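If you want the building blocks of each chain, they are given just below.
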Amino acid sequence: MPQRVLTTESGAPVADNQNSASAGAGGPLLLQDQHLLEKLARFNRERIPERVVHARGSGAYGYFEVTDDVTDHTYADFLSSVGKRTEVFLRFSTVADSLGGADAVRDPRGFAVKFYTAEGNYDLVGNNTPVFFIKDPLKFPDFIHSQKRDPFTGKQEPDNVWDFWAHAPEATHQVTWLMGDRGIPASYRHMNGYGSHTYQWTNAQGEAFFVKYHFKTNQGIRCLSSEQAAELAGKDPNSHQTDLLQAIERGVNPSWTLHVQIMPAADAATYRFNPFDLTKVWPHADYPLQRVGRLVLDRNPDNVFAEVEQAAFSPNNFVPGIGPSPDKMLQGRLFAYADAHRYRLGVNHTQLAVNAPKATTVDNYGRDGLMAANAYGRDRKNYEPNSYDGPTETGRPLSAPLAVSGYTGTHEAPAHTKDDDFFQAGELYRLMSEEEKERLVANIAGGLSQVSREDVVEKNLAHFHAADADYGKRVEEAVRALRED
């Protein structure tokens, strides 16, 4: 087999890759050394801006296989028959820290799945928790600013974290999740994934349903205590990446069983709390889990930068039979995710291999822009409608229309009978064993006791008291004990 030749970016052979061109053996370097300049310039630019959130990530390819008939509720092609398989790419991530952060930290985990379907890519962007801290996207930038590094100290500040939560009582449910045992998964393989948001399914008859996705790990739930996580993060900051990579390399392919909760669209208006509130779950007694299929990861990326860092997910990438709901946080993310990728990766990021459809072909009138791979011309018109056999619309919406009414303006969500911010946090607390409660209280007190302002501490304590009297009493006693030390 002939020796491969090292070349420049333009394809010219490189004569010497060990020594820069200089003016004589000991002289200064020459501006005409194209290979040196190109190599240094490319090196300076080989990092793109990291994600503001979900920067630290891992990913793998695999497939989704339908195991149960759901055609009564959606006409999505990739869910159309039992046994049907669709290629997927799944990206896991932490939320708050930067690209260089450790994996084993107390933080929500991103769980983003790209289904490469025959009708286009479907992106399901969720977390390892079924709820979130806020219910309105207008608060999202402020929330993230409070959780990220302080602009003055350059580190995460308990004052900022807990001050925001003091002014966001709706966060109490997610704080209880985060500070509990599941706040630090032992690995990406040993945690559940959730769509978190409410989505819409539409069947072939045009009937609409609201759904929530639950990916249940088949490896079993495993978590780390705060002490175990601190030790692991110091020994191997890449612990979750290492675990996922090595498991797949040795053929131990992780899998999850997908279930959905299905609510007839007519139920939403009279349900006892707002079903589109991202800070709340739907009790399984009301809407039981229904099995859909199995997701398996069986192939590692060949290049982490190209396939994990440049993977772009957007919840507005729907396919026929699936659409959005009035979930305010989802509505905000329909814009924000795609716009973040246009900033980070460019307007043509969908043409990158990891983001491009695999089971169908893109055919539209988008043109040009930075890094355009599809340079249409000559016989391809760039406008619509046209008389030259260009692609045309189908006239069939992807999902059923949603009825709206009322006046434009800034509105709070419609009130339902049990729309308070605390009852589900209390229910979650009461489900815990005594040992789980002790760890939860210790984790909360460890952070809240570091807050400098007493009024911020008091506001947060009031939230835990409102969720459950015992919950609030224990947290208050633990915080006071630590603050008196």
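Just above sits the structure.
Criteria and thresholds
Residues numbered from 1 in each chain as written. Predicted model: local features only at pLDDT ≥ 70, side-chain atom pairs only at ≥ 80, totals over all residues. Heavy atoms only, no water. 1 Å grid on protein atoms, 1.4 Å probe; cavity = no way out; pocket = protein on both sides within 12 Å on 5 of 7 lines; lining within 4 Å. Points joined across faces, edges and corners; volume = space filled by probe spheres on them. Helix = DSSP H or I, 4+ residues; strand = E, 2+ residues; numbered from the N terminus. Nonpolar A, V, L, I, M, F, W, Y, C, P; charged D, E, K, R; others polar. Expected span 1.5 Å × (residues − 1). Buried < 20%, exposed > 50% of the residue type's maximum accessible area, 1.4 Å probe, protein only. Arc of directions from axis to C-beta. Contact = heavy atoms within 4.5 Å. Core = buried A, V, L, I, M, F, W, Y, C linked by side-chain atoms within 4.5 Å. Phe/Tyr/Trp six-rings, centres within 6.5 Å; stacked < 30°, edge-to-face > 60°. Pairing = 2+ DSSP bridges. Polar contact = N/O pair within 3.5 Å; in protein donor to acceptor, adjacent residues only side chain to side chain. Axes fitted to C-alpha atoms, helices over the stretch in contact; angles between N-to-C directions. Parallel < 35°, antiparallel > 145°, perpendicular 65-115°, else oblique. Left-handed = near helix turned anticlockwise from the far one by under 90°. Salt bridge = Lys/Arg side-chain N within 4 Å of Asp/Glu carboxyl O.

Caption draft 1: Here's a closer look at the layout of surface pockets. Taken as a whole, the largest pocket encloses approximately 1400 Å³ of empty space. Around the largest pocket sit 38 residues that line it, and N274, K328, E412, A413 and P414 are the ones nearest its centre. For the lining of the largest pocket, the secondary-structure elements that each account for two or more residues are β7 (208-217) and α8 (328-345). The residue makeup of the lining of the largest pocket, split by class, is 17 nonpolar, nine polar and twelve charged. Lining the second largest pocket are 39 residues; nearest its centre among them are T350, P357, V362, D363 and N364. Residue assignment for the lining of the second largest pocket shows that the elements contributing at least two residues are β4 (120-127) and α8. Among the elements that line the lining of the second largest pocket, the one with the most residues is α8, at three residues. Partitioned by chemical class, the residues of the lining of the second largest pocket number 16 nonpolar, 17 polar and six charged.

Caption draft 2: Geometry of helix α11 (residues 454-467). Between its first and last C-alpha, α11 extends 20 Å over 14 residues, near the 20 Å set by a 1.5 Å rise per residue. Along α11, the positions that sit buried rather than exposed are V456, V457, N460, L461, H463, F464 and A467. Here the buried residues of α11 occupy an arc of 150° about the axis, which is enough to place them on one side. The secondary structure elements touched by the buried residues of α11 are α3 (158-166), α4 (172-179), α9 (423-431), α10 (434-448) and α12 (469-484).

Caption draft 3: Local environment of the nonpolar core. F133, W162 and W165 are the most contacted members of the largest nonpolar core, which totals 41 residues. Residues in contact with F133, not counting those within four places in the same chain, are P108, F143, W165, E170, A171, Q174, V175, L178 and T279. By size, the runner-up hydrophobic cluster in this structure holds 37 residues, among which are L79, V113, Y122 and Y213.

Caption draft 4: The arrangement of the packing of aromatic side chains in detail. Taken as a whole and judged by the stated rule, the model has 30 aromatic pairs. Ring centres of F64 and F115 lie 5.7 Å apart, and the angle between their planes is 85°; this geometry places the pair in the edge-to-face category. With F64 in strand β1 (residues 57-66) and F115 in strand β3 (residues 109-117), the pair connects residues that are 51 residues apart, well separated along the chain. Each of the two residues, F64 as well as F115, counts as buried.

Caption draft 5: Up close: empty space enclosed by the protein. Counted according to the given criterion, the structure contains five cavities of 30 Å³ or more. What the largest cavity holds in volume is close to 80 Å³. Along its surface, the largest cavity is lined by N128, T129, W177, R182, P185, H190, M191, N192, I221, R222 and C223. Considered as a void within the structure, the second largest cavity measures approximately 60 Å³ in volume. What lines the second largest cavity is simply P130, Y194, G195, S196, K212, Y213, H214, Q261, V281 and W282. Of all the elements, β7 adds the most residues to the lining of the second largest cavity, at three residues. Looking at the lining of the second largest cavity residue by residue, the classes come out as five nonpolar, four polar and one charged.

Caption draft 6: Summary view of the pairing of strand β2 (residues 85-94). The element β2 is largely enclosed, with a buried count of eight among its ten residues. For β2 and β3, the ladder comprises seven bridges, and the chain directions are antiparallel. Pairing of F89 across the sheet is with K114, part of β3.

Caption draft 7: Here's a closer look at the environment of D150. Along the polypeptide, D150 turns up in the loop between α2 (140-147) and α3. Put simply, D150 and H259 are 109 residues apart on the chain and 39 Å apart in space, counted from C-alpha to C-alpha. Discounting residues that sit within four places of it in the chain, D150 has contacts with K155, E157 and N160. For D150, the side chain forms a polar contact with the main-chain nitrogen of F152, separated by 2.8 Å.

Caption draft 8: Representation of the packing of α10 against α12 within the structure. Axis separation between α10 and α12 bottoms out at 9 Å; the angle between their running directions is 45°. Overall, the two elements α10 and α12 adopt an arrangement that is oblique. Classified by chirality, the crossing of α12 by α10 is right-handed. In this structure, α10 contributes E434, K437, E438, L440, V441, I444, A445, G446 and L448 to the contact, and α12 contributes Y471, R474, V475, A478, V479, L482 and R483. Classifying every residue of the contact of α10 with α12 by side-chain character gives ten nonpolar, one polar and five charged.

Caption draft 9: Region of the structure containing the pattern of salt bridges. Scanning the entire structure with this criterion turns up 32 salt bridges. Put simply, D123 and K114 hold a salt bridge, and the shortest N to O gap is 3.0 Å. A single burial state applies to D123 and to K114, both of which are buried. The closest approach of N and O atoms between K235 and E231, which form a salt bridge, is 2.9 Å. One end of the pair is K235 and the other is E231, both in helix α5 (residues 226-235) and four residues apart, which spans about a single turn. A relative accessible area of 65% places K235 in the exposed class.

Caption draft 10: The arrangement of unusual backbone geometry in detail. Between E384 and P385 the backbone carries a cis peptide bond, its omega angle lying at 5°. Tracing the sequence through the fold places P385 in the loop between α8 and α9. Phi angles above zero are rare outside glycine, and H54 is one such case at about 65°. Relative to the helices and strands, H54 is located in the loop between α1 (34-44) and β1. A relative accessible area of 15% places H54 in the buried class. With a phi close to 60°, D389 is a non-glycine residue in the positive phi region. Structurally, D389 is set in the loop between α8 and α9. Judged by relative accessible area, D389 falls into the exposed class, the value being 78%.

As far as function goes, none of this settles anything; it's purely spatial.
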